[in-house]
Amino acid sequence: AIPLVIAISTERAARSGVLVKNRLALERMRTVDTVLFDKTGTLTQGRLTLLGHAAVRGVSDDELLALAAAVESDSEHPIARAVTAAHDGPLPAVRDFATLPGRGVEAKVGGRTVHVGGPALLSELGLSEPAELAETTRGWQQQAASVLHVVSDGRVIGALAVADEIRPGARAAIDALHARGVQVAMVTGDAQHVADAVAAELGIDEVFAQVLPADKHAKVAELQARGRKVAFTGDGLNDGPALAQADVGIAIGAGTDVAMESAGVVLASDDPRSVVSVIELSRASYRKMQ
Ligand code: ADP
Ligand code: MG
């Protein structure tokens, strides 16, 4: 039988949009001293927009955007949506599309192999940014945008910038966690400068940037190895292992199926402040039991 207090608290939890999948997770939440947030889609809206694009090496800006949009048309990443939404008109045909997790995408367009991706893609291809692009991309970086390069047959032919917005409740959530003595960390596959800008705006204590999807859970383990009790909060497809590794895995915004499966707690709302509600619920419920 389910003890009465827990039955009551899970019902109260459900009313506030907190679905407790694992009651031990709710109990552990009151001892959590660190919340590790995924950035994109969790602390930010995850609805990216194209801020600008610039071509070099005789390619026109329109041609660059059409190529990038063609390659991105098979990707489900929020970056892909930003790029395809910014282009109208017919797209060149693509084949052999592939995702390079944490780095970008690639496909064949006409006779060419085209890549679109971030800093990890360029270093993997052994390429660097052409000098003509440096000033433009520095300007984008100062606006905290993510910069992507477009590569055609091993030559960088231009760059794109995409930007995201911080969720309205994010700053208040982090302040409320700090007020309860909880440290806040953030993990992202995005570039260091974007991560640092978000962290500075939100008052985040520790940042892990350019982390490959498969390595997110290792950051949870790294914090645990330092003796921290960690709640991981994420929405993404790639978050399953990190949610499972954490002392408490919290899937936000009723995320993806994988996230829901691996999480101990699922939040109906995508407001980061609902993480604070989980702590409050846990502290209130288990205080009553003692
Ligand atoms: P996060 O979920 O933290 O945004 P991802 O692992 O999904 O991280 O992506 C990390 C980085 O990989 C992105 O910031 C970008 O540089 C690159 N990337 C991923 N997917 C794409 C894509 N579809 N197009 C271009 N770049 C991409
Ligand atoms: Mg993601």
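The numbering scheme is per chain: residues are counted from 1 as the chain's sequence reads. Whichever chain is written first is A, and whichever ligand is written first is 1; the rest continue in order. Two thresholds apply to this predicted model, a pLDDT of at least 70 for residue-level local features and 80 or more for giving and counting side-chain atom pairs, whereas whole-chain, interface and lining totals are computed over all residues.

Colleague: Can you walk me through the site of ligand 1 in this structure?
Modeller: Each residue gets a C-beta atom placed from its backbone. Should that atom fall within 6 Å of a molecule or strand, the residue is termed near it. Lining the immediate environment of ligand 1, one finds 21 residues, of which T40, H77, G118, T188 and G189 sit closest. Secondary structure elements with two or more residues in the shell around ligand 1: α3 (39–43), α5 (78–85), β5 (104–109), β6 (112–117) and β7 (146–152). All amino acids are sorted into three groups, where Ala, Val, Leu, Ile, Met, Phe, Trp, Tyr, Cys and Pro are nonpolar, Asp, Glu, Lys and Arg are charged, and the leftover types, Gly among them, are polar. Here the shell around ligand 1 is composed, by residue class, of six nonpolar, eleven polar and four charged. An automatic or database domain assignment provides the domain bounds reported here. Residue assignment places the shell around ligand 1 across two domains, with domain 1 (4–45 + 166–289) and domain 2 (49–163) each supplying three or more. Labels follow the DSSP assignment, with helices taken as runs of H or I lasting at least four residues and strands as runs of E lasting at least two, numbered in each case from the N terminus.

Colleague: Explanation requested: the domain arrangement of the protein chain in the structure shown.
Modeller: Its domain assignment divides the protein chain into domain 1 (4–45 + 166–289) and domain 2 (49–163). The gap between the C-alpha centroids of domain 1 and domain 2 is 32 Å. Counting from both sides, the interface comprises twelve residues of domain 1 and, opposite them, nine residues of domain 2. For the side of domain 1 that touches domain 2, the element with the highest residue contribution is helix α9 (residues 192–202), accounting for three residues. For the side of domain 1 that touches domain 2, the per-class residue count stands at six nonpolar, five polar and one charged. Contact criterion: two residues are in contact if their C-beta atoms, reconstructed from the backbone, are within 7 Å.

Colleague: Would you mind going over the packing of helix α4 (residues 61–72) against α5 with me for this structure?
Modeller: Two numbers describe a pair of packed helices, the interaxial angle and the distance between the axes. Note on geometry: axes are lines fitted to C-alpha atoms, helical ones only across the stretch in contact, with angles between N-to-C directions running from 0 to 180 degrees. Relative to each other, α4 and α5 sit at 135°, their axes nearing to 8 Å. The orientation of α4 relative to α5 falls into the category oblique. Here α4 and α5 pass one another in a crossing that is left-handed. For the pair α4 and α5, contact is made by A68, A69 and E72 and by A80, V83 and T84, respectively. Classifying every residue of the contact of α4 with α5 by side-chain character gives four nonpolar, one polar and one charged. Just so you know how the angles are binned, under 35 degrees is roughly parallel, over 145 roughly antiparallel, 65 to 115 roughly perpendicular, and the rest oblique. Here a crossing is taken to be left-handed if its near helix is turned anticlockwise relative to the far helix by less than a right angle, and right-handed if that turn runs clockwise.

Colleague: Got a minute to help me understand α9 in this structure?
Modeller: Since there are 3.6 residues in each turn of an α-helix, residues three or four apart along the chain are aligned in direction. Working definition of burial: number of other C-beta atoms within 10 Å of the residue's own, with buried at 20 or more, exposed at 12 or fewer, and partly exposed in between, all C-beta atoms being placed from the backbone. Within α9, burial applies to V194, A195, V198, A199 and L202. The arc enclosing the buried residues of α9, seen along the axis, measures out at 130°, which places them on a common side. Of the surrounding elements, those touching the buried residues of α9 are α3, β7, α8 (170–179), β9 (183–187) and β10 (206–208). Positive phi appears at G203, one or two residues downstream of α9, with a value of about 75°. Directions pointing from the helix axis toward each C-beta atom define the arc.

Colleague: Any chance you could explain α5 here in plain terms?
Modeller: Within the sequence span of α5, burial applies to I79, A80, A82, V83 and T84. Buried residues belonging to α5 abut β3 (49–55), α4, β7 and β8 (155–163).

Colleague: Got a minute to help me understand the confidence of the model for the protein chain in this structure?
Modeller: In low-pLDDT segments, the atomic positions of the prediction should not be examined closely. When pLDDT is averaged across the protein chain, the result is 92; 95% of the residues are at 70 or more. In the model output, the complex is listed with pTM 0.91 alongside ipTM 0.97. What pLDDT reports is the predictor's confidence in each residue, on a scale of 0 through 100.

Colleague: Before we go on, may I ask you to explain the sheet that holds β9 in this structure?
Modeller: The strands that make up a sheet pair up through hydrogen bonds in the backbone, lying either parallel or antiparallel. Strands are treated as partners if at least two bridges between them are detected by DSSP. Spatially, seven strands are ordered β1-β13-β12-β11-β2-β9-β10 in an open sheet, and the strand pairing comes out mixed. Here the strands that pair on one side only, and so sit at the sheet edges, are β1 (18–20) and β10. Within this sheet the neighbouring strands show an average axis-to-axis angle of 20°, counted without direction.

Colleague: I tried to follow the pairing of strand β2 (residues 34–38) on my own but got confused; where do I start?
Modeller: Two faces make up the sheet, and in a regular strand the side chains alternate between them. For β2, a buried count of five out of five residues is recorded, marking the element as mostly surrounded by other parts of the structure. Neither face of β2 is exposed, since T34, L36 and D38 on one face and V35 and F37 on the opposite face are all buried. Both β2 and β9 contribute to a ladder of five bridges, which runs parallel. The residue bridging D38 from the neighbouring strand is V187, located in β9. By the bridge criterion, four bridges tie β2 to strand β11 (residues 230–234) in an arrangement that is parallel. Opposite V35, over in β11, you have A231 as the bridge partner.

Colleague: Can you walk me through the environment of D271 in this structure?
Modeller: Within the secondary structure, D271 sits in the loop between β13 (265–267) and α13 (274–289). Overall, D271 belongs to the partly exposed group, with 19 C-beta atoms counted inside 10 Å.

Colleague: Quick question: what am I supposed to make of the pairing of β11 here?
Modeller: With respect to burial, β11 is a largely interior element, five of its five residues being buried. Residues V230, F232 and G234 of β11 are buried on one face, and the alternating residues A231 and T233, pointing to the opposite face, are buried as well. Pairing between β11 and strand β12 (residues 248–251): four bridges, direction parallel. Note on β12: the bridge partner recorded for G234 is A251. With respect to chirality, the unit in which β11 leads through helix α11 (residues 240–245) into the neighbouring parallel β12 is right-handed. When the strands point away from the viewer, a crossover counts as right-handed if the path from the first strand over the helix to the second runs clockwise.

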